[in-house]
Amino acid sequence: MTPDGTPRIKLAIQKSGRLTDNSLDLLTRCGLKYSRRKDQLVCFGENMPLDVLLVRDDDIPALVEDDVCDLGIVGFNVVEERRLARLAAGVSSPFEQVMSLDYGRCRLSIAVPEQRRYDGPRSLSGLRIATTYPHLLRRWLDEQQVEAEVVTLSGSVEIAPSLGRAEAICDLVSTGATLAANRLVEAEVVLDSHAVLIRTPGLLESAREEWISRLLLRMNGVQQVRESKYIMLHAPRSALEQISALLPGSEHPTILPLEGTDEKVAVHAVCRENVFWETLEGLKAAGASAILVLPVEKMLP
Ligand code: ATP
Ligand code: ZN
């Protein structure tokens, strides 16, 4: 509780790993000021009733399921694996996924040694596949109607083939550098992943729900802003339709009259996608002039 009686929200994020910096950055952009002392497990929110718990990513779904935390940020891969494991144990919705986040992109893929012939899922029949994601792998194999042995390991999956423990692996990949270093090639994508925000499924008391809604709105705003740009340009009235169509991810540009001319107007638009040089060149070729692209600082729908 805060001194004024507001209950505090607890959010779990990864303590140190690939999701940590982006998660803290997202919270900072949502306006959270926190104090974090070295080796501390909790960051206390100073200007919001929100505390951030720093834990191992694998523990996050269980912390949310057990109501130790109200919210958690973790990879979709971890969430899905846990959900399938709980489903197998008869628990159907241990937590709720409330938002996809725009970082932590990777894929859970099956990879085989370079020298092994691969012509589709059938090539995996009868093989041993090492993974730390047995439920996700099993689901994929079942969907593909492939019978293979799932070898569950707790880590260092990529060296399993060279140690003779498996003929293939199923592990997280982003650039593929680790696979290449272990002379493995990516064969199939089992799951596309990115960070997600999860919450306890039950309704909390209204003060806490209100703060969670506020936080979600801000997170949405932060994500939209990241790629958004504000474009201003002058356009001949005759080319307005063509120019509007060229503005990426912008539904309703604002059209303003220009002093002293009837042929040209000013066009202002928020573009919700990246604006590349090619786009600007296209706009110019369509007759636009005085093109200005500005970053967007904050945005609320
Ligand atoms: P912890 O000590 O918290 O258990 P970890 O070693 O399990 O850490 P990381 O390697 O930091 O976890 O990865 C955390 C998450 O980052 C993954 O679950 C995944 O969602 C995401 N991720 C993005 N790219 C990659 C990648 N190339 N390899 C592994 N994970 C990735
Ligand atoms: Zn982990």
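Just so you know, the residues in each chain are numbered from 1, in the order the chain's sequence is written. Ligands are numbered from 1 and chains lettered from A, in the order in which they are written. The predicted origin of the model limits local features to residues at a pLDDT of at least 70 and limits the giving and counting of side-chain atom pairs to 80 or more, whereas totals for whole chains, interfaces and linings rest on all residues. Hydrogens and water are ignored here; the side-chain numbers use all heavy atoms of the structure.

S.K.: Outline the coordination of the zinc ion (ligand 2), listing residues and values.
M.R.: A donor here means an N, O or S atom no more than 2.8 Å from the metal, or no more than 3.2 Å when the metal is Na, K or Ca. Since water is not included, a site may seem to lack partners. The coordination sphere of the zinc ion (ligand 2) contains the protein donors Asp-57 (OD) and Asp-58 (OD), at a distance range of 2.0 to 2.1 Å. A four-donor site is called tetrahedral if each angle lies between 85 and 135 degrees; a four-donor site is square planar, and a six-donor site octahedral, when trans pairs exceed 155 degrees and the remaining angles lie between 65 and 115; all other cases are labelled irregular. In this structure, the zinc ion (ligand 2) is surrounded by four donor atoms whose angles at the metal cover 72 to 175 degrees, and the resulting shape is irregular.

S.K.: Can you break down the nonpolar core residue by residue, with the values?
M.R.: Ranked by internal contacts, the top residues of the largest apolar core, which has 33 residues, are Leu-124, Ile-129 and Leu-141. Looking at this core, the elements that each hand over two or more residues are strand E4 (50-55), helix H2 (60-65), helix H3 (76-88), strand E7 (106-113), helix H4 (134-143), strand E10 (168-173), strand E11 (184-193) and strand E12 (195-199). In terms of domain composition, this core takes at least three residues from each of domain 1 (9-103 + 195-225) and domain 2 (106-193). For Leu-124, the contacting residues outside a window of four places in its chain are Ile-110, Val-112, Tyr-118, Ile-129, Trp-140, Val-146, Glu-147, Ala-148 and Ala-168. Remark: nonpolar core denotes a set of buried residues (Ala, Val, Leu, Ile, Met, Phe, Trp, Tyr, Cys) joined through side-chain atoms within 4.5 Å. Here's how the labels work: a residue is buried when its accessible area is under 20% of the maximum for its type, exposed when over 50%, partly exposed in between, all with a 1.4 Å probe on protein chains only. Residues Ile-9, Ile-13, Leu-71 and Leu-216 belong to the second largest nonpolar core, which totals 28 residues. Secondary structure elements are taken from DSSP: a helix is a run of H or I of four residues or more, a strand is a run of E of two residues or more, and numbering for both begins at the N terminus. Domain extents, as shown, originate in an automatic or database domain assignment. In what follows, residue pairs with any heavy atoms lying within 4.5 Å of each other are defined as contacts.

S.K.: For the sheet that holds strand E15 (residues 261-271), give the residues involved together with the corresponding values.
M.R.: A pair of strands is labelled paired if DSSP reports no fewer than 2 bridges between them. On the basis of which strands lie adjacent, the open sheet formed by four strands has the order E14-E15-E13-E16 and antiparallel pairing. Edge strands, defined here as strands with exactly one partner in the open sheet, are strand E14 (254-258) and strand E16 (289-295). Ignoring which end each strand starts from, the neighbouring axes of this sheet average 20 degrees apart. Judged from the five bridges that link them, strand E13 (residues 229-236) and E16 form a sheet pairing that is antiparallel. Across the sheet, His-234 pairs through a bridge with Ser-289, a residue of E16. Fitting a line to C-alpha atoms yields each axis, with helices limited to the stretch in contact; the angle taken between N-to-C directions then spans 0 to 180 degrees.

S.K.: Describe the site of ligand 1, listing the residues and the values that go with them.
M.R.: The environment of ligand 1 is formed by 15 residues, the closest being Arg-18, Arg-56, Asp-58, Asn-77 and Ser-174. Within the contact set of ligand 1, an oxygen atom lies 2.8 Å away from a backbone nitrogen or oxygen of Arg-18. Each polar contact in these results corresponds to two N or O atoms within 3.5 Å; when the atoms are within protein, one needs to be able to donate a hydrogen and the other to accept it, and residues that are neighboring in sequence are counted only if both atoms are side-chain atoms. Side-chain polar atom of Arg-56 to an oxygen atom of ligand 1: 2.8 Å apart, as the coordinates give it. By the convention adopted, Pro, Cys, Tyr, Trp, Phe, Met, Ile, Leu, Val and Ala count as nonpolar, Lys, Arg, Asp and Glu as charged, and the other residues, Gly among them, as polar. Across the shell around ligand 1, the residue classes break down as four nonpolar, six polar and five charged. Each of domain 1 (9-103 + 195-225) and domain 2 (106-193) contributes no fewer than three residues to the shell around ligand 1. We call a residue near a molecule or strand when any one of its heavy atoms sits within 4 Å of it.

S.K.: I'd love a proper account of the side chain of Arg-208, names of residues and values included.
M.R.: Relative to the helices and strands, Arg-208 is located in helix H6 (residues 206-227). Side chain to side chain, Arg-208 and Asp-70 meet in a polar contact 3.1 Å long. Dropping the residues within four chain positions of it, Arg-208 is found in contact with Pro-7, Arg-8, Ile-9 and Asp-70.

S.K.: For the domain arrangement of the chain, give the residues involved together with the corresponding values.
M.R.: A common way to express how large an interface is: the accessible area buried when the components associate. Here the domain parsing of the chain yields domain 1 (9-103 + 195-225), domain 2 (106-193) and domain 3 (229-295). Computed over C-alpha atoms only, the centres of domain 1 and domain 2 are separated by 29 Å. Tallying the contact residues gives 10 residues for domain 1 and nine residues for domain 2. By definition, the buried area sums, over both parts, the 1.4 Å-probe accessible area that each loses when the two are put together. Surface buried jointly by domain 1 and domain 2 totals about 830 Å² across both partners, of which 58% is contributed by carbon and sulfur atoms. Considering only the side of domain 1, the residues that lose the most area to domain 2 are Asn-77, Glu-81 and Leu-84, jointly responsible for 63% of the buried surface there. We define a salt bridge as a side-chain nitrogen of Lys or Arg found within 4 Å of a carboxyl oxygen belonging to Asp or Glu. Counting the contacts that link domain 1 with domain 2 gives one salt bridge. Across the salt bridge formed by Arg-139 and Glu-80, the nearest N and O atoms sit 3.5 Å from each other. The tally of links from domain 1 across to domain 2 stands at six residue pairs in polar contact (both at pLDDT 80 or more).

S.K.: Report on the packing of aromatic side chains, specifying residues and quantitative values.
M.R.: Within a pair of aromatic rings, the relevant descriptors are the distance that separates the centres and the angle that separates the planes. Aromatic rings from Phe, Tyr and Trp, with only the six-membered ring used for Trp, were paired whenever their centres fell within 6.5 Å, and each pair was classed as stacked if the ring planes differed by under 30 degrees, edge-to-face if by over 60, and tilted otherwise. According to the stated counting rule, one finds zero aromatic pairs in the structure shown. It is Arg-214 that lies over the ring of Trp-211; its NZ or CZ is 4.3 Å from the centre. A ring has a charge above it when a Lys NZ or an Arg CZ is no more than 6 Å from the ring centre and no more than 35 degrees off the ring normal.

S.K.: Would you mind going over the pattern of salt bridges in detail, with residue names and values included?
M.R.: Considering all chains together, one arrives at 17 salt bridges under this definition. The closest approach of N and O atoms between Glu-114 and Arg-183, which form a salt bridge, is 3.1 Å. Of this pair, Glu-114 sits in the loop between E7 and strand E8 (128-131) while Arg-183 sits in the loop between helix H5 (177-181) and E11, placing them 69 residues apart in sequence. Judged by its relative accessible area of 39%, Glu-114 falls in the partly exposed class. Linking Glu-205 and Arg-208 is a salt bridge whose minimum nitrogen-to-oxygen distance equals 3.0 Å. In the salt-bridge network here, residues are joined through shared partners; they are Asp-25, Arg-29, Asp-102 and Arg-226.

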